[in-house]
Amino acid sequence: MAVAQQSDGPIGSPAEEARAHSALLRLSSRALSLILSVVLTVFGLLVVTFFIGRVVPVDPLLAVVGDRASEHVRAQAALELGLDLPLWQQFLRYLGDTLQGDFGNSVLSGQPVLDDIARFFPATLELATAATLIGVLLGVPLGVLAATRHGRWQDQLIRVVALAGYSVPVFWLGLVGLLVFYAELGWVAGPGRIDVIYEYSIEPVTGLMLVDTLLAGDHAAFVDAFWHLVLPASVLGYLSLAYITRMTRSLMLAELGQEYVIAARVKGLSERRVIWRHVLGNIMVPLITTVALSYAYLLEGAVLTETVFAWPGLGLYITQSLFSADLTAVLGATIVIGLVFIGLNLLSDLLYTLVDPRAR
Amino acid sequence: MSAVIAWLTTATPASRGQARAGRLYRGTLALLANPLAAIGLVVVAVLLLVALFAPLLAPYPPDAQDLASRLLPPSAEHPFGTDQLGRDILSRVIWGSRITLAIVALAAVTVAPIGLAVGIVAGYRGGWVDRVLMRITDVFMAFPRLVLALALVAALGPGIENAIIAIAATAWPPYARLARAETLTLRRQDFIAAARLQGASHGRILVRHLLPLTVSTILARLTLDLAGMILIAAGLGFLGLGAQPPSPEWGAMVATGREFLTDQWWVATMPGAAIFLVSLAFNLIGDGVRDVLDPRSQGR
C-alpha cells in the first residue's frame, strides 16, 4: 500500500490508480515467487534432515531410542517411526509430523525436542543480538573510515583487523578471552549466563536474561548478567564486525566515485555531511541486508562460542545432544536454525524491496 | 632465465600450454605485488615445508609421552611447552600441519568436481534439469555450513573421513552456481555449435569443451574458501567430531587444553594460534587473488 502513497501523481487520479495497480501486481507476483521459493526451500530442508536422520545412519533406531533400549522399546519405536514402510511413506509421515511441530522426543531429556529448543533459543537470541549490536556500532564506522582513508595505513590496518576476524577460530578466541579478561584481569564474569546465587531467583519470563532481571527489579542480578554477556558477545561480535566492516568499506568505495559525491563537495558541503548523510544514506539498503545476513551467520559462530562459554543456547544444545548421540535433538535444532536462516534471508529480501524503490 | 620470461610474456603464444603458463605467470606477479598476499604466500609456503619435513623438524615424536615432564611451561627444551601427557606441543603442532593440509586438500578435490559437475550440467542442459539442480543448490545454501556439517557428522559418526565428507557436502553449492554461470555464457558460442555439428556427443562437449574453460574460475574461487574449510575442520575437531585422539589435530588439541586453560595456558593457545595463522594466511592470499581476478574491485 505504501506504493500508492509514494507515487508523485495526484492521489486518486486515474493515471495514478493505474500505476499503483501495476505496481501492486508486480509486487504481488514478486511476493508469490518469494513465497514459492521459501516453501520449496523449507521442503528441501526437511528432505535433507530426513535423509540425514533416516538414510545416512546404519541404525536409525539407535539415534531415536539410545543404545540401552530393550527389544520391546525398539520394536515400539520402529512401529511409531514407520520404519517398516517404504521410504517415501516414511518421509510423508515425517513431513506431516514436523510441519505440525512434532520434532520427536529428545533421548537425553525425554522431552519433545521443540520444548527443549524453546527453552534454549532465547539465550542464543540474546547473544546474537548483542553481538550484532557490537558489529554494527563498530563495524560501520570502521568501514567508513577505511573507505575514506583508502590505501593509507588506516585502511590497511582495518583491512587486516577485518580479515583476522574472518580467520580466527572463534572457539580459540573465546578461550583466550576467558584467559585474559576473566582469569588474569578479572574484568568480566566467567562462563554461564548468570551467577549461581541468582540462577533460581530470576523468573524466566522472556528467556532473555537482561530483560528478565530488569522485570524482576533485581539490579544486582542485571549487572551480573550484563558482565556475563560482555565477553561472549564481544567474541561473536568480532565475527560480525569483520563482515560488516568489509561490506561497508566496499559499498562506500563504490559509492564515493559517483558524481553526486563530487556535486555535494562542489556545493561546499562539509566532508562529514557528504560522507555520513549522502553516501551512507545511499548504501543504507545493502547495508541492512548485510546486517540481516551477518545475524544469520552468527548462528553458526554461536554453536562454538556457546560451547566455550557454557552459554545455554541452541548451540550448546546441539553439541550436548551430539555427545549423547541424540540425533533427533540435533536435527530438530538444525531445522530451527535452518528456518531462522531462511527467514532472515527472506526478511533481507523484503527489506530490499521495501526500502529501495528501484527494486520494486 | 630471461629466455623463460620472454617465453612466458610473449604476445603470441605458440600453444595452449604456453598461453596458460603466461597467464599464470602474470597473475602470480600481480599477486606478489600485493604485500599482504605475499605475506600470506610466504606463510603457506612455510606451512607446506613444515608439513613436508615434519619428521626432521619436530624435536620429539608427536605421541611420545613423558609423564615426568607433563604440563611444562614453554622453555628452550620445549618451546611451546608440554601437554597433560608430557608430549611436546611444538612437535604436535608441526605434525598437525599435515592433518590440516590433508583435510583441506581432500575437501578441495572433492568439492571442486561436485560443484563443476552440477554447475556445468545445469548450465548446459537448462530447462527443468537446471531448475531442479539449482533448487537443490539453494537448499544447501540455506543452511549455515557448520550446523549442517555437525548434523552430518552426528549421523555418520565422528572421525576425520566423515569430517571431510561433511565439509565437502556443505561447501559445493557456490561452486555449482559459479560453474553454471560460466557455462551459460559459453554454451551459445560458436565453437560449441561447431563441435555439435561435427557430431560431438553431449558428454564430449561437456567434458572436452566446457569443463576446461570453467576449471580455472573454480580453482580461483577455491582459494577464497580454503580458510573457511580450515576453520570448519578445526571447529569439528574442537567439538571432538573430527580427528580422534591421539592424532595431533589442532582443533582437538585446543579442546584438550581447555581443562588446563587457567593454569597451563599454552596447551590450548599454541595449537589455536597455529590455526589462526594458517587461516589468516589463506585469507590474505584469497583477498589478493580476488583483486587480481577482478580488477574493478582492486583494493576494495
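Rules of the game
- Residues numbered from 1 in each chain as written.
- Chains lettered and ligands numbered in written order.
- Predicted model: local features only at pLDDT ≥ 70, side-chain atom pairs only at ≥ 80, totals over all residues.
- Helix = DSSP H or I, 4+ residues; strand = E, 2+ residues; numbered from the N terminus.
- Buried ≥ 20, exposed ≤ 12 C-beta atoms within 10 Å, placed from the backbone.
- Contact = placed C-beta atoms within 7 Å.
- Axes fitted to C-alpha atoms, helices over the stretch in contact; angles between N-to-C directions.
- Parallel < 35°, antiparallel > 145°, perpendicular 65-115°, else oblique.
- Left-handed = near helix turned anticlockwise from the far one by under 90°.
- Nonpolar A, V, L, I, M, F, W, Y, C, P; charged D, E, K, R; others polar.
- Core = buried A, V, L, I, M, F, W, Y, C linked by C-beta atoms within 7 Å.
- pLDDT = per-residue confidence, 0-100.
- Expected span 1.5 Å × (residues − 1).

Concerning the overall build of chain A
Here comes step 1: Broken down by element type, chain A carries 16 helices and zero strands.
Here comes step 2: C-alpha atoms of chain A, sized along the principal axes, occupy 85 × 65 × 40 Å.
Here comes step 3: Out of the 360 residues in chain A, the part that is buried amounts to 39%.
Here comes step 4: Considering only contacts in chain A between residues 6 or more positions apart, those separated by 24 or more positions represent 68%.

Focus on the overall build of chain B
Here comes step 1: From N to C terminus, chain B includes 13 helices and zero strands.
Here comes step 2: With the principal axes as the frame, chain B shows a C-alpha extent of 75 × 55 × 35 Å.
Here comes step 3: Residues counted as buried form 43% of the 300 residues belonging to chain B.
Here comes step 4: Across chain B, every contact between residues at least 6 apart in sequence was considered, and the portion connecting residues at least 24 apart equals 66%.

With respect to unusual backbone geometry
Residue and element names in this part refer to chain B.
Here comes step 1: Here the amide bond leading from Pro-245 into Pro-246 is cis, since omega sits at 10°, within 30 degrees of zero.
Here comes step 2: In this structure, Pro-246 sits in the loop between helix H11 (202–238) and helix H12 (250–257).
Here comes step 3: For Leu-71, which is not glycine, the phi torsion reads 55° and is therefore positive.
Here comes step 4: Along the chain, the position of Leu-71 falls in the loop between helix H4 (54–57) and helix H5 (89–125).
Here comes step 5: Owing to 15 C-beta atoms within 10 Å, Leu-71 belongs among the partly exposed residues under this scheme.

Observations concerning the environment of Val-291 of chain A
All names here are of chain A.
Here comes step 1: Here Val-291 shows up in helix H14 (residues 284–309).
Here comes step 2: Taking the C-alpha atoms as reference, Val-291 lies 33 Å from Phe-323; in sequence the two are 32 residues apart.
Here comes step 3: Setting aside its immediate chain neighbours within four residues, Val-291 contacts Thr-132, Val-136 and Ile-244.

What about the packing of helix H7 (residues 145–156) of chain B against helix H8 (residues 160–171) of chain B?
All names here are of chain B.
Here comes step 1: Where H7 meets H8, the axes come as close as 9 Å, and the angle between the chain directions of the two elements is 140°. What the angle tells us is that H7 and H8 run oblique. Like other packed secondary-structure pairs, H7 and H8 cross with a definite hand, here right-handed. On H8, the residues touching Arg-145, Leu-148, Ala-149, Leu-152, Val-153 and Leu-156 of H7 are Asn-162, Ala-163, Ile-165, Ala-166, Ile-167, Ala-169, Thr-170 and Ala-171.
Here comes step 2: Here the residues of the contact of H7 with H8 sort into eleven nonpolar, two polar and one charged.

Re the interface of chain B and chain A
Here comes step 1: Chain B puts 41 residues into the contact, and the matching count from chain A is 42 residues.
Here comes step 2: Elements represented by at least two residues in the side of chain B that touches chain A include exactly helix H6 (127–141), H7, H11 and helix H13 (266–293) of chain B.
Here comes step 3: Of the residues assigned to the side of chain B that touches chain A, the class counts are 28 nonpolar, seven polar and six charged.

With respect to the nonpolar core
Within soluble globular proteins, side chains that are nonpolar generally end up buried alongside one another.
Here comes step 1: Counting 164 residues, the largest nonpolar core has Val-330 of chain A together with Ala-149, Leu-150, Ala-151, Ala-163, Ile-167 and Ile-230 of chain B as the members making the most contacts within it.
Here comes step 2: With residues near it in sequence (within four places) discarded, Ala-151 of chain B still touches Ile-52, Val-330, Leu-331 and Thr-334 of chain A.

Points about the confidence of the model for chain A
Residues and elements named next belong to chain A.
Here comes step 1: Summing up the model confidence of chain A, the mean pLDDT is 82 and the portion of residues at 70 or higher is 92%.
Here comes step 2: When mean pLDDT is compared element by element in chain A, helix H6 (residues 113–148) scores highest at 91, while helix H1 (residues 2–6) scores lowest at 40.
Here comes step 3: Note that pLDDT drops below 50 for residues 1–10; the model gives that stretch 13 contacts with residues more than four away or on any other chain.

Some details on helix H5 (residues 87–99) of chain A
Here comes step 1: For H5 of chain A, spanning 13 residues, the distance from its first C-alpha to its last is 18 Å, which sits close to the expected 18 Å at 1.5 Å a residue.
Here comes step 2: Positioned one or two residues after H5 of chain A, Gly-101 of chain A has a phi angle of 85°, which is positive.

Some points on the environment of Ile-218 of chain B
Residues and elements named next belong to chain B.
Here comes step 1: Looking at the element boundaries, Ile-218 is found in helix H11.
Here comes step 2: Considered as a pair, Ile-218 and Arg-177 are 41 residues apart in the sequence and their alpha carbons are 10 Å apart.
Here comes step 3: Those residues in contact with Ile-218 that sit more than four places away from it in its chain are Ala-112, Gly-115, Leu-116, Tyr-175, Leu-178 and Ala-179.

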